[in-house]
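Spelled out from the first residue to the last, the chains are:
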Amino acid sequence: MLAPMNINLTGKKAIICGASKGIGRAIAIELAALGASVTLLARNEQTLSELCKTLETKAGQYHHFLAVDLANTQELKAVITDYVTQSGPFHILINNSGGPKAGSLHAANENDFSAAFTQHVMASHVLMLAVLNGMKEEQYGRIINIISTSVKQPIAGLGISNTIRGAVANWSKTLAGEVAKFGITVNNVLPGSTETERLTEIIANKASKNHQSLEEVIEHEKSIIPAGRFGAPEEIAQAVAFLASPAAAYINGINLPVDGGRTASL
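We now turn to the structure provided with this report. Quick caveat: nothing in here was measured; it's all calculated off a predicted structure.

### Some remarks on helix α3 (residues 73-87)
Its 15 residues place the ends of α3 20 Å apart at the C-alpha level, agreeing with the 21 Å of an ideal helix rising 1.5 Å per residue. Buried positions along α3 lie against β1 (13-17), β2 (37-42), β3 (64-67) and α4 (110-138). Downstream of α3 by one or two residues, Gly-88 has phi in the positive range, about 85°.

### Remarks on the packing of α4 against helix α5 (residues 159-179)
Axis separation between α4 and α5 bottoms out at 9 Å; the angle between their running directions is 20°. With respect to each other, α4 and α5 are oriented roughly parallel. The handedness of the crossing between α4 and α5 is right-handed. In this structure, α4 uses Asp-112, Phe-113, Ala-116, Phe-117, His-120, Val-121, Ser-124, His-125, Met-128 and Leu-132 to contact α5, whose residues at the interface are Ile-160, Thr-163, Ile-164, Arg-165, Ala-167, Val-168, Trp-171, Leu-175 and Val-179.

### Here we look at the environment of Ala-204
As for its position among the elements, Ala-204 is in helix α6 (residues 197-210). Using a relative accessible area of 35% as the deciding quantity, one classes Ala-204 as partly exposed. Each C-alpha atom of the pair Ala-204 and Leu-214 lies 6.5 Å from the other, and the pair is 10 residues apart in sequence.

### Points about the pattern of salt bridges
Evaluated as defined, the whole model comprises 5 salt bridges. Between Lys-58 and Glu-56 there is a salt bridge, and its shortest N-O distance comes to 3.5 Å. Here Lys-58 falls in the partly exposed class, since its relative accessible area comes to 45%.

Rules used throughout
- Residues numbered from 1 in each chain as written.
- Predicted model: local features only at pLDDT ≥ 70, side-chain atom pairs only at ≥ 80, totals over all residues.
- Heavy atoms only, no water.
- Helix = DSSP H or I, 4+ residues; strand = E, 2+ residues; numbered from the N terminus.
- Expected span 1.5 Å × (residues − 1).
- Contact = heavy atoms within 4.5 Å.
- Axes fitted to C-alpha atoms, helices over the stretch in contact; angles between N-to-C directions.
- Parallel < 35°, antiparallel > 145°, perpendicular 65-115°, else oblique.
- Left-handed = near helix turned anticlockwise from the far one by under 90°.
- Buried < 20%, exposed > 50% of the residue type's maximum accessible area, 1.4 Å probe, protein only.
- Salt bridge = Lys/Arg side-chain N within 4 Å of Asp/Glu carboxyl O.

Written out as structure tokens, the structure reads:
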């Protein structure tokens, strides 16, 4: 008989990308509250330092931050490899990065694609390689990628994002089948419209393109969500926390939409 559901992360160590704001920040706060020692990763050193000081800290917990740009994979590899070597095994990796710039697919150039592929696919791979051996040693690993509902249903006006998010999803699914035997799961969380700076940017672009007010765009966007509202970053973080926990040990290789029911496909 299995024990009651366990979402306690005491003794676990997590690396959280894009942790300076939005969904990444909410994930850092949630995992720390559940007992994990977290390492925040983003570009803004001051913001990371300030957040690090505010995270819940109980006996045995300690938090760090790394100011590094995911778009510079050579620097990222050097920094993360050295850090993991010094800090020991990590149990949780949250791959999360700002979405590629909005725009039609036919208007995108090869440089746009190359930059997005590096920042999302290659950076995730570099980070995974850095923590994989430690996860194997611990027989516990949770690799969780924050991507988009566009992997199930492409979103108009986000051509590059639709393409790159799909690449991350297939990278994740392939990896999930390879590492499950080591006690490692790999899953994707697919946020819908969530109250972040990214959503504000998308709404502003739509308003400008369609000659509408911000209020009109917001009303329309909410009208196509069965829940009738935008999500909060904390709601995404709670889904991530469950997948990162011991309770989710048999959930592997999935795409989990957290979108208020907006995505029309199963």
